[in-house]
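Commentary on secondary and tertiary structure
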Amino acid sequence: LVASLAITQCGAVSQDIMYVTLPLNHISNSVLGISGCIQLGATCVLKKKFSARQFWNDCRKYNVTMFLYIGEFCCYICNQPCKEEDRVHRMCIALRNGIRPSVWKEFLMRFGPIKIFEFYGSTEGSLGFLNYTNKIGAVGRASIFSEFLHSFELLKYDVWKQEVIKDKNGRCKKAPRGKPGLLVVQVTEDAPFAGYVGNKQASEKKLMHNMFVEGDVYLDTGDLLAMNEDGFLYFTDRVGDTFRWKEENVATLEVVEITGMMDFVQEVNVYGVSVKNCEGRTGMAAIVLKCHHTFNGERLYKHVVDFLPSYAQPRFVR
């Protein structure tokens, strides 16, 4: 019920028309899309298969006012050729998660002032954040109400050892403001963790005990988030997607974001690779070029040097 009401929190009304072109076997799409529209009394337009080329034509045809996105969805739309009618539509709300800040900005500049509601959540967790202020890059904001409803913490985390950092008493340390930390959610009677059906061992692995006081239990989300002084939360990386080079932790998401700003890059994936006689892993950027564009190594080199610290700059490009 809470998830289906999310579109209402974004300002949607019964007169709105939702465009869903994502697989319905994912609970976010079926709950936010189908159930959300039923709960609100709105109309839902289902597309059998996503087509970036047909996206705006469909939206104009069916007078669509809101849509669900995920990951590179908006990037694929932005990669389509510019047209005079790019701003001829009724779209006003976009909802879900995974849009990169650079794509977010480009999407708004090109298609107009569409309100993008990025959020964070998981099917097994009881915690969720919604960026209701449309602040670019944030997945939500921690308020007094959210902290009252759900007790969560961002813990200091060693990505190289893949474990939380503890003090001399064996208790966890909280990550300072502005620094990435492992998001954990306290498990209580009011916020239980049901676990994975038929897999008790996997369920137990997600639970962390005696973190701050004896007997407490927290759910390990496996996600690294950072919170600034104003309480805005930013998704940094998923545990395991971060590597260590020159005694520094490199968040792949940050390197992807910066590398993806180049005009000849359509998609990029960044990961750590071993180098002989060197400790840790250095960055490899696997790039897919945009159609009719050529790779410019000199420009890419200058760009990453300007925007990334030396330890985070990719040493290899595929």
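Residues numbered from 1 in each chain as written. Predicted model: local features only at pLDDT ≥ 70, side-chain atom pairs only at ≥ 80, totals over all residues. Heavy atoms only, no water.

Burial in helix 2 (residues 27-40) covers these residues: Ser 28, Asn 29, Leu 32, Gly 33, Gly 36, Cys 37 and Leu 40. Relative to the axis of helix 2, the buried residues are bounded by an arc of 110° and lie together on one face. Along its buried surface, helix 2 packs onto helix 1 (6-9), strand 1 (17-20), strand 2 (43-46), strand 3 (66-70), strand 4 (93-97) and strand 5 (115-121). Within two residues after helix 2, Gly 41 carries a phi angle of roughly 85°, on the positive side. (Buried < 20%, exposed > 50% of the residue type's maximum accessible area, 1.4 Å probe, protein only. Helix = DSSP H or I, 4+ residues; strand = E, 2+ residues; numbered from the N terminus. Arc of directions from axis to C-beta. Contact = heavy atoms within 4.5 Å.)

Let's shift gears to helix 8 (residues 252-259). Within helix 8, six of the eight residues are buried, which leaves the element mostly enclosed by the surrounding structure. Within the sequence span of helix 8, burial applies to Thr 252, Val 255, Val 256, Glu 257, Ile 258 and Thr 259.

Once that is clear, we can look at the domain arrangement of the protein chain. According to the domain assignment, the protein chain consists of domain 1 (1-121), domain 2 (142-237) and domain 3 (241-317). The gap between the C-alpha centroids of domain 1 and domain 2 is 30 Å. (Domains from an automatic or database assignment.)

On the secondary structure map, Gly 128 appears in strand 6 (residues 128-130). Between the C-alpha atom of Gly 128 and that of Cys 37, which follows or precedes it by 91 residues, the distance is 20 Å. Those residues in contact with Gly 128 that sit more than four places away from it in its chain are Tyr 120 and Gly 121.

A few words now on the pattern of salt bridges. Summed over all chains, the structure comprises seven salt bridges. Here Asp 58 makes a salt bridge to Lys 47, at a shortest N to O gap of 2.9 Å. With a gap of eleven residues between them, Asp 58 in helix 3 (residues 55-61) and Lys 47 in the loop between strand 2 and helix 3 connect regions that are remote in the sequence. (Salt bridge = Lys/Arg side-chain N within 4 Å of Asp/Glu carboxyl O.)

Here a ring pair, both rings aromatic, is described through the centre-centre distance and the interplanar angle of the planes. By the definition in use, this model includes 16 aromatic pairs. Ring geometry for Phe 67 versus Phe 73: centroids 5.8 Å apart, planes at 25°, classification stacked. The class for Phe 67 is buried, based on a relative accessible area of 1%. By relative accessible area, Phe 73 is classed as buried at 4%. Both rings, one in Phe 107 and one in Phe 111, keep their centres 5.0 Å apart while their planes meet at 55°; by these two values the pair is tilted. Here Phe 107 and its partner Phe 111 are both found in helix 5 (residues 101-111), four residues apart, which amounts to about one turn of the helix. For the pair shown, Phe 107 and Phe 111 are each scored as buried. Between the NZ or CZ atom of Lys 135 and the centre of the ring of Phe 232, over which it lies, the distance is 5.2 Å. A cation over an aromatic ring shows up here: Lys 174 above the ring of Phe 212, its NZ or CZ 5.8 Å from the ring centre. (Phe/Tyr/Trp six-rings, centres within 6.5 Å; stacked < 30°, edge-to-face > 60°. Lys NZ or Arg CZ within 6 Å of the ring centre and 35° of its normal.)

This part is about the sheet that holds strand 19 (residues 316-317). Taking strand neighbours across the sheet as the criterion, the three strands line up as 17-18-19 in an open arrangement whose pairing is mixed. The open sheet is flanked by strand 17 (265-273) and strand 19, the only strands paired with a single partner. Here helix 8 sits on the sheet in contact with strand 17 and strand 18 (282-289), set at roughly 145° to strand 17. (Pairing = 2+ DSSP bridges. Axes fitted to C-alpha atoms, helices over the stretch in contact; angles between N-to-C directions.)

If you walk across this open sheet you meet the six strands as 2-1-3-4-5-6, and the pairing is mixed. A single partner strand is all that each edge strand has here, and the edge strands are strand 2 and strand 6. Averaged over all adjacent pairs, the angle separating strand axes in this sheet is 20°, with direction ignored. Bridge analysis of strand 4 against strand 5 gives four bridges, and the strand direction is parallel. Across the sheet, Ile 93 pairs through a bridge with Lys 115, a residue of strand 5. Along the sheet, helix 2 makes contact with strand 1, strand 2, strand 3, strand 4 and strand 5, crossing strand 2 at roughly 140°.

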